[in-house]
Amino acid sequence: MRQSWWKILGLVMVAASIVVGFLGPVPALFLLHETIRNVYFHVPMWSAMFALYLISVIYSIRYLNKGRVNDDLMAVEAVNTGIVFCIIGLLTGMQWANITWGDFWPNDPKTNGSAIATLMYLAYLVLRNALEEEQKRAKISAIYNIFAFPIMIVLMYIMPKMTDSLHPGSGGNGTFGDLDMDNQMRPVFYAATIGWILIGVWICTLRYRVRLLENKRNLID
C-alpha cells in the first residue's frame, strides 16, 4: 500500500476531475461556452505526453551512459505510452477546434507542429522495428530520442509563439489561465493534469514490467 499511494492519488484526481469536468460550474464565456470544459481533458493529455517523453529521454541517456538493456526498455515503453496520450490529445483538440474555430484541422502553427511531432515519434517506433540487432537498435534509437525531444519543444511551443496562432498562449494570445479559467476551474485543472501524469507513469511501468517478463520468457525459450 505504501508503494501504491501515488497510483491511488492519480485515480482519485482523475475521477474527481472527470466528474467535476462534466457536472461542475464553468464561467459563461464568449465563443467557448461549455466547451471550456475540454480544458480538463485536452491539456492534461499533452502534459502527460510531455512527462512520458521526458522520462523516455532520461532513460535513453542512462542507456548510452551505462548500456543497460532495462533502461532502453523503459525508454521505449515511455514513448509507447506517450503516443497514446498524444493521440487522445489530438482527437480532443480536433473536436474542440471544430466547435470553436469551425474546422477540425485549421492551418495553425501549433496544430501543424503537433502533427509533425507525432509523426516524428511514430518514426522512432518504426526505426526500432526496422533494426534487428538489439544493441545497435538501442543505441541508434536512444540518440534519435534525445534529439527528438527538443525538436518537439520547438515545434509545439517555441515556433507558435513566434508567429500568429489561434491557440491560447501562442502568437501573442493570452493563456487559458489568464483569460478563461476562474478560481473554481484552476484546482480541477491542476488535479486533472497531475492525475493524468500519474496514471500515464503507472501505465508505463506496467508496460515495462510486461516487457521484462517477455524478455525473460524469450531467454528461457
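Just so it is clear, the structure is predicted and the values come from calculations on it, not from any experiment.

Here is what the cut-offs are and how they apply
- Residues numbered from 1 in each chain as written.
- Predicted model: local features only at pLDDT ≥ 70, side-chain atom pairs only at ≥ 80, totals over all residues.
- Heavy atoms only, no water.
- Axes fitted to C-alpha atoms, helices over the stretch in contact; angles between N-to-C directions.
- Helix = DSSP H or I, 4+ residues; strand = E, 2+ residues; numbered from the N terminus.
- Parallel < 35°, antiparallel > 145°, perpendicular 65-115°, else oblique.
- Left-handed = near helix turned anticlockwise from the far one by under 90°.
- Nonpolar A, V, L, I, M, F, W, Y, C, P; charged D, E, K, R; others polar.
- UniProt positions renumbered as here; feature names shortened; annotations may be inferred.
- Phe/Tyr/Trp six-rings, centres within 6.5 Å; stacked < 30°, edge-to-face > 60°.
- Buried < 20%, exposed > 50% of the residue type's maximum accessible area, 1.4 Å probe, protein only.

**Let's talk about the packing of helix α2 (residues 42-66) against helix α3 (residues 69-101)**
Relative orientation of the contacting elements α2 and α3 amounts to 160°, with a least axis distance of 7 Å. By the angle between their directions, the pair α2 and α3 is classed as roughly antiparallel. Here α2 runs over α3; the crossing is left-handed. Its residues assigned to classes, the contact of α2 with α3 comprises 20 nonpolar, 8 polar and 3 charged.

**Digging into the UniProt feature "transmembrane region" (unreviewed entry) in the protein chain**
The UniProt record annotates "transmembrane region" (unreviewed entry) at residues 12-33, 39-61, 73-94, 114-131, 143-160 and 188-208. Taken end to end, residues 73-94 is 100% helix and 0% strand, and its first and last C-alpha atoms sit 32 Å apart. Segment residues 114-131 splits into 94% helix and 0% strand. End C-alpha atoms: 26 Å apart.

**Side note on the packing of helix α4 (residues 109-130) against helix α5 (residues 134-161)**
Packing of α4 against α5 leaves a shortest axis separation of 9 Å and a crossing angle of 175°. Of the possible angle classes, the one that applies to α4 and α5 is roughly antiparallel. For the contact of α4 with α5, the per-class residue count stands at 19 nonpolar, 4 polar and 3 charged.

**Brief notes about the packing of aromatic side chains**
On inspection of all chains with the given rule, the structure shows 6 aromatic pairs. Consider the rings of Phe-85 and Trp-196, whose centres lie 6.2 Å apart with planes at 75°: the pair is edge-to-face. One end of the pair, Phe-85, is in helix α3; the other, Trp-196, is in helix α7 (residues 185-220), and 111 residues separate them in sequence. Its relative accessible area of 4% is what places Phe-85 among the buried residues.

**Things to note about the environment of Asp-108**
With respect to the helices and strands, the residue Asp-108 is situated in the loop between α3 and α4. Judged by its relative accessible area of 1%, Asp-108 is buried. C-alpha of Asp-108 to C-alpha of Pro-160: the two residues are 52 residues apart in sequence and 8.3 Å apart in space.

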